[in-house]
Amino acid sequence: LHADGVDFTPWPEAFAQRYRDAGYWRGEALGQILQHSAARDPLRVALVCGERRWTYAMLDEEVGRLASGLRQRGIAQGDRVVLQLPNIGEFVLLCFALFRLGALPVFALPAHRRSEIAYFCSFTNAKAYVIADVHGGFDYRTLARDVLADDGVKSAAPDLRVIVVGDAAEFIAFDEVRDNDEAPTPLAPPAASALAFLQLSGGSTGRPKLIPRTHDDYFYSVRASAEICGLSENSVYLCALPVAHNFPMSSPGILGVFHAGGTVVLAPNPSPDTVFPLIEREGVTLTSLVPPLAMIWMEAAAAQTAAKRYDLSTLELLQVGGSRLSDEAAQRVRPLLGCTLQQVFGMAEGLVNYTRFDDPEQLVVSTQGRPISQDDEVRVVDDDDNDVAPGELGHLLTRGPYTIRGYYRADVHNARAFTRDGFYRTGDLVRQLPSGHLIVDGRAKDQINRGGDKVAAEEVENHLLAHPAVLDAAVVAMPDAYLGERSCAFIVPRGDAPRAMEISRFMRERGLAQYKVPDRIEFVASFPKTGVGKIDKRALRERFVAQPTTIP
Ligand code: J2J
């Protein structure tokens, strides 16, 4: 366990009481989302994955068997399980099975590699690691072998079991975990005030931070999101983003749709070739995308010919978030896709903002929405934490009924990432309009937002510094027409500069997710410095402002 035995920072009791009194926290565990909907309408289709379909009753039954089977294999309440699956039905089954068991999924992304996964497993003392055999041309069993051989994992997660969906090789097959007994043992539901899972932070530090969310707080954000987005049992949601990400999971995402009793359609990838036929076949009514994908979909829709045209007319709502959508792109959504746009500005730490259906068009295309809850407290402050004048640009601080009060096992970092009175320092620069709507206009955190994929500069810099020919390194964002930003590593070499290719290969060999490998590498003799002698990243970034670059 953690040194002082506390894994997360609870809300002060007065706040917790207020959130319960207001009806936000209802004492229900996330597993009940499925059970409620199965009781209401057991025969409705809950989940579609390729040619496979599950009704709510089937899903509920299967989740119960899986939870029981996991329990028999020694996974108990409170245990951590690193879940790294693509958009397949088994993700949903396992996620709910772990919720029902009270074990905590750690939501890794398919793009993560040895460096990230070994860290998640060891840092959380994980009991199990779940993968698909092969996906997107990558064999995750090879990754699992590397993870098991990692010294940190061996000592911190000594009995890590690997569960594989598909061909399990020497590992445990997912199909064998299920409890086949006539009546699988019912499990005691976890307390709603307990942790439900660990989500990943975009982060700005050397190691990714983990976000502890409780059943109570997350359930509230899901329920309120489903209401704001008008979900019902007739909603058909296409999950095209990686399902483990907070946006497609909860804003309102798959959990919101299951809560409303609608249908979730999992897309294996977000390309128009894959999703347009799915939208037509399943009568999809809403989906969520990051801005670069929204732009690709719009182009593809505009390019549909009379001879080969998919019917997208069922699509009512396109949610866009994860990074800033330009006003120009926002204006094109309805003309090109024939649906309503909703901007979503959220974060896995909590606060989620939506533009509303009755907002004037001007607000929908030019703002990133307003908070879910009346009890979301938002402050916009200067560098000294003083409130700026209304409408001025400043740092966004927030606290509320579904925003964490601290990262998982991170006391030292928490002292910096949260104010003393519990506001989360989002690292985003915003303006707030009198209506409460926020406009995201920059970032103070040392992060690159690569079309929604967050890259912590310090994490990449640490890997670069491990190369013998790198004396110093600074990773900054450069503007990009397609992704919004890409990453550039400025490197001061030790002696002769190595080739950029050599650095990229080194980064991959260190087991870093591909999206974190710098898009561009520049060797320089020295770095510009600020008055106090720190690397002046602003000056480095400004080298690109003159000529935005796109690298195919
Ligand atoms: C500008 N920046 C944005 C937006 C997020 C819903 C939607 C997104 C996320 C998410 C999420 C932005 N315009 N519309 O969890 O539930 C940047 C901000 C923010 C960070 C959070 C959800 N929407 N961002 O993106 O945890 O910088 O969550 O602080 O991945 O993404 O990233 P993440």
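Every chain's residues receive numbers from 1 upward, in the order its sequence appears when written. A pLDDT threshold of at least 70 governs which residues receive local features in this predicted model, and a stricter bar of 80 or more applies before side-chain atom pairs are shown or counted, although totals over entire chains, interfaces and linings include all residues.

- Going by the annotation in an unreviewed UniProt entry, the name recorded for the protein chain is (2,3-dihydroxybenzoyl)adenylate synthase, with Uliginosibacterium silvisoli given as the source organism.
- UniProt positions are given in the numbering used here, feature names are shortened, and annotations may be inferred rather than shown by experiment. In its Pathway (unreviewed entry) section, UniProt records this for the protein chain: "Siderophore biosynthesis."

A few points about the overall build of the protein chain
Part 1 of the argument: Going along the chain from the N terminus, every DSSP run of H or I of four or more residues is numbered as a helix, and every run of E of two or more is numbered as a strand. For the protein chain, the count of helices and strands is 18 helices and 27 strands.
Part 2 of the argument: With C-alpha atoms as the basis for the radius of gyration, the globule rule is written as 2.2 Å multiplied by the number of residues raised to the power 0.38. For 552 residues, the compact-globule formula gives about 24 Å, and the C-alpha radius of gyration of the protein chain, at 23 Å, lands near that figure.
Part 3 of the argument: The burial tally for the protein chain puts 50% of its 552 residues in the buried class.
Part 4 of the argument: By the convention adopted here, residues make contact when the C-beta atoms placed from their backbones lie within 7 Å. For the protein chain, the share of sequence-separated contacts (at least 6 apart) that also reach a separation of at least 24 residues comes to 69%. In this scheme the burial state of a residue depends on its C-beta neighbours within 10 Å: 20 or more other such atoms mean buried, 12 or fewer mean exposed, and anything in between means partly exposed; the C-beta positions come from the backbone.

Concerning the site of the ligand
Part 1 of the argument: Neighbouring the ligand are 23 residues; Asn246, Gly321, Gly346, Met347 and Ala348 lie closest to it.
Part 2 of the argument: Elements represented by at least two residues in the shell around the ligand include exactly helix H9 (246–250), strand S16 (340–347), strand S21 (424–432) and strand S22 (438–443).
Part 3 of the argument: Of all the elements, S16 adds the most residues to the shell around the ligand, at five residues.
Part 4 of the argument: Its residues placed into classes, the shell around the ligand shows seven nonpolar, 12 polar and four charged. Put plainly, near means the residue's C-beta atom, positioned from the backbone, lies within 6 Å of the molecule or strand in question. Charged residues are taken to be Asp, Glu, Lys and Arg, nonpolar residues to be Ala, Val, Leu, Ile, Met, Phe, Trp, Tyr, Cys and Pro, and polar residues to be all remaining types, Gly included.

Points about the packing of helix H5 (residues 114–123) against helix H6 (residues 140–149)
Part 1 of the argument: Fitted lines through C-alpha atoms give the axes, limited to the stretch in contact for helices. The angle between two N-to-C directions lies from 0 to 180 degrees. With their axes 9 Å apart at the nearest point, H5 and H6 run at an angle of 55° to one another. In terms of orientation, H5 lies oblique with respect to H6. The two elements H5 and H6 meet at a crossing, and its hand is right-handed. The residues of H6 that touch H5, namely those facing Arg114, Ile117, Ala118 and Cys121, are Leu143, Asp146 and Val147. An angle counts as roughly parallel when it lies under 35 degrees, as roughly antiparallel when it exceeds 145, as roughly perpendicular when it falls between 65 and 115, and as oblique in every other case. In this scheme, a crossing is called left-handed if the near helix is turned counterclockwise away from the far one by less than a right angle; it is called right-handed if the turn is clockwise.

Digging into the sheet that holds strand S17 (residues 350–354)
Part 1 of the argument: By the convention used here, strands pair only if DSSP detects at least 2 bridges between them. An order of S2-S1-S13-S12-S14-S15-S16-S17-S18 is seen for the nine strands of this open sheet, with the pairing classed as mixed. The sheet terminates laterally at strand S2 (52–55) and strand S18 (370–371), the two strands that pair on one side only.
Part 2 of the argument: Relative to S16, strand S15 (residues 317–321) runs parallel, the two sharing five bridges. If you follow valine 320 over to S16, its bridge partner there is glutamine 343.
Part 3 of the argument: Strand contacts of helix H3 (residues 56–72): strand S1 (45–49) and S2, with the helix running at about 90° to S2, the strand carrying the most contacts.

Quick notes on unusual backbone geometry
Part 1 of the argument: With an omega of -15°, the peptide bond running from serine 251 to proline 252 counts as cis.
Part 2 of the argument: With respect to the helices, strands and loops of the structure, proline 252 is situated in the loop between H9 and helix H10 (253–260).
Part 3 of the argument: Positive phi values are uncommon outside glycine, yet alanine 169 reaches one of about 50°.
Part 4 of the argument: Structurally, alanine 169 can be placed in the loop between strand S8 (161–165) and strand S9 (172–173).
Part 5 of the argument: Since 14 C-beta atoms lie within 10 Å of it, alanine 169 is described here as partly exposed.
Part 6 of the argument: Phi is positive for aspartate 385, close to 65°, though the residue is something other than glycine.

Looking at helix H11 (residues 272–282)
Part 1 of the argument: Regarding H11, the residues found buried are Val275, Phe276 and Ile279. Taken around the axis of H11, the buried residues stretch over an arc of 105°, which confines them to a single face. Of the exposed residues in H11, the ones pointing more than 90 degrees away from its buried face are Asp273, Thr274, Pro277 and Arg281.
Part 2 of the argument: If you follow the buried residues of H11, they end up packed against strand S12 (236–239).
Part 3 of the argument: Backbone geometry just downstream of H11 places glycine 283 in the positive-phi region, at approximately 65°. Arc definition: it is the arc formed by the directions from the helix axis to the C-beta atoms.

Brief notes about the packing of helix H2 (residues 32–40) against H3
Part 1 of the argument: One can describe the packing of H2 onto H3 by two numbers: an axis separation of 8 Å at closest approach and a directional angle of 140°. The orientation of H2 with respect to H3, classified from their angle, is oblique. Considering how the two elements wind past one another, H2 and H3 form a crossing that is left-handed. Mapping the contact onto sequence places Leu34, Gln35, Ser37 and Ala38 in H2 and Tyr56, Ala57, Leu59, Asp60 and Val63 in H3.
Part 2 of the argument: Of the residues belonging to the contact of H2 with H3, the class tally is six nonpolar, two polar and one charged.

Focus: the sheet that holds strand S26 (residues 484–493)
Part 1 of the argument: In spatial order, the strands read S25-S26-S27; together these three strands make up an open sheet with mixed pairing. The open sheet has two edge strands, strand S25 (470–480) and strand S27 (520–523), and neither has a second partner. For this sheet, the mean inter-axis angle between neighbouring strands, taken without regard to orientation, is 25°.
Part 2 of the argument: Pairing of S25 with S26 involves 10 bridges; the strand directions are antiparallel.

Some details on the domain arrangement of the protein chain
Part 1 of the argument: Start and end positions for the domains come from either an automated domain assignment or a database one. Each assigned domain of the protein chain is listed here: domain 1 (56–190), domain 2 (220–443) and domain 3 (447–545).
Part 2 of the argument: Using only C-alpha atoms to locate each centre, domain 1 and domain 3 end up separated by 34 Å.
Part 3 of the argument: With six residues of domain 1 in contact, the opposing surface of domain 3 contributes six residues.
Part 4 of the argument: Of the residues belonging to the side of domain 1 that touches domain 3, the class tally is one nonpolar, two polar and three charged.

Brief notes about the environment of glycine 89
Part 1 of the argument: Its place among the elements puts glycine 89 in helix H4 (residues 89–101).
Part 2 of the argument: Given 21 C-beta atoms within a 10 Å radius, glycine 89 is considered buried.
Part 3 of the argument: Each C-alpha atom of the pair glycine 89 and aspartate 175 lies 13 Å from the other, and the pair is 86 residues apart in sequence.
Part 4 of the argument: Apart from the residues lying within four places of it in its own chain, the contact partners of glycine 89 are Leu47, Cys49, Arg52, Trp54 and Leu266.

Considerations on the nonpolar core
Part 1 of the argument: Residues enter a nonpolar core if they are buried, belong to Ala, Val, Leu, Ile, Met, Phe, Trp, Tyr or Cys, and are joined to the set through C-beta atoms within 7 Å. Residues Val81, Leu83, Val106, Cys121, Tyr129 and Cys239 are the most contacted members of the largest nonpolar core, which totals 141 residues.
Part 2 of the argument: At 10 residues, the largest contribution of residues to this core is made by H4.
Part 3 of the argument: Judged by nonpolar contacts, the second largest core, of 24 residues, contains Val470, Ala473, Ala474 and Phe490.

Describing the environment of glutamine 368
Part 1 of the argument: Looking at where glutamine 368 falls in the secondary structure, it is placed in the loop between helix H14 (361–366) and S18.
Part 2 of the argument: Spatially, the C-alpha atoms of glutamine 368 and valine 440 are 6.8 Å apart, while their sequence positions differ by 72 residues.

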